[in-house]
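# Secondary and tertiary structure notes
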Amino acid sequence: PPSSSSSSSTPNPTSDLRPLASLLSLTPLEARQLLRHPQLSQHALLPSMTYLLDTLGVPQPTLKAMVFRHPKLVASIFSQPEIESTLAYLSSSLDLPASDVRALVSRHP
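Remember, predicted model here, so these are calculated numbers, not experimental data.

What counts, and at which threshold
Residues numbered from 1 in each chain as written. Predicted model: local features only at pLDDT ≥ 70, side-chain atom pairs only at ≥ 80, totals over all residues. Heavy atoms only, no water. Helix = DSSP H or I, 4+ residues; strand = E, 2+ residues; numbered from the N terminus. Buried < 20%, exposed > 50% of the residue type's maximum accessible area, 1.4 Å probe, protein only. Contact = heavy atoms within 4.5 Å. Areas by Shrake-Rupley, 256 points an atom, 1.4 Å probe, with all protein chains shown as cover. Core = buried A, V, L, I, M, F, W, Y, C linked by side-chain atoms within 4.5 Å. Axes fitted to C-alpha atoms, helices over the stretch in contact; angles between N-to-C directions. Parallel < 35°, antiparallel > 145°, perpendicular 65-115°, else oblique. Nonpolar A, V, L, I, M, F, W, Y, C, P; charged D, E, K, R; others polar.

The next subject is the overall build of the chain. When its secondary structure is counted, the chain shows eight helices and zero strands. In the chain, the order of α-helices and β-strands from amino to carboxyl end is α-α-α-α-α-α-α-α. Expressed as a percentage of the 109 residues in the chain, the buried residues total 30%. Sequence separation of 24 or more characterises 68% of the internal contacts of the chain that already satisfy a separation of 6 or more. Element-wise, carbon and sulfur atoms account for 59% of the exposed surface of the chain, whose accessible area totals about 6,600 Å².

Below is the structure:
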């Protein structure tokens, strides 16, 4: 039937958001709130967010708060592949350890 083929080709925004929901340990309610911001479902955000969490050690609650406070800004900046090299450049050119860069990112998202 036509309805089944059209439903299988229709993107599911909830499944697109699953990687971000998993990374940030979102509750089902929080995930539904983020559905209002479809730009956050971009898988291009995941490498930058993983970098902030794993390499810089930005606390998960801080990153989660950034996503909820500034979803459009997070989507536009974190989807850029240069974010990692920019933060690494700042760290090396300003002679800042990762902990200081982490503090800057946490205080001034």
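Alright, that's what it looks like, and here's the rest.
Right, let's talk about the nonpolar core for a bit. Core analysis: the largest hydrophobic core is formed by 26 residues, its most contacted members being Leu20, Leu40, Leu52, Leu63, Phe78 and Leu87. Residue assignment for this core shows that the elements contributing at least two residues are α2 (13-23), α3 (28-34), α4 (45-55), α5 (60-69), α6 (71-78), α7 (82-93) and α8 (98-107). With six residues, the single largest contributor to this core is α4. Once you skip the residues sitting within four places of it in the chain, Leu52 turns out to touch Gly57, Val58, Leu63, Phe78, Leu87 and Val105.

The complete set of buried residues in α4 reads Leu45, Leu46, Ser48, Met49, Tyr51, Leu52 and Leu53. Directly after α4, the chain includes Gly57, whose backbone phi takes a positive value near 75°.

Before going further, it helps to examine unusual backbone geometry. One non-glycine residue with positive phi stands out, namely Ser25, at about 55°. Located in the positive-phi region is Asp95, a residue other than glycine, with phi close to 55°. On the secondary structure map, Asp95 appears in the loop between α7 and α8.

Another point: the packing of α4 against α6. In the contact formed by α4 and α6, the axes pass within 8 Å of each other and the chain directions differ by 95°. Classified by the interaxial angle, the pair formed by α4 and α6 is roughly perpendicular. Where α4 abuts α6, its residues Leu45, Ser48, Met49 and Leu52 lie against Val74, Ala75 and Phe78. Each residue belonging to the contact of α4 with α6 can be placed in one class, and the counts come to six nonpolar, one polar and no charged.

Before going further, it helps to spend a moment on the environment of Ser99. Among the secondary structure elements, Ser99 is positioned in helix α8. In sequence terms Ser99 and Leu56 are 43 residues apart; their C-alpha atoms lie 6.9 Å from each other.

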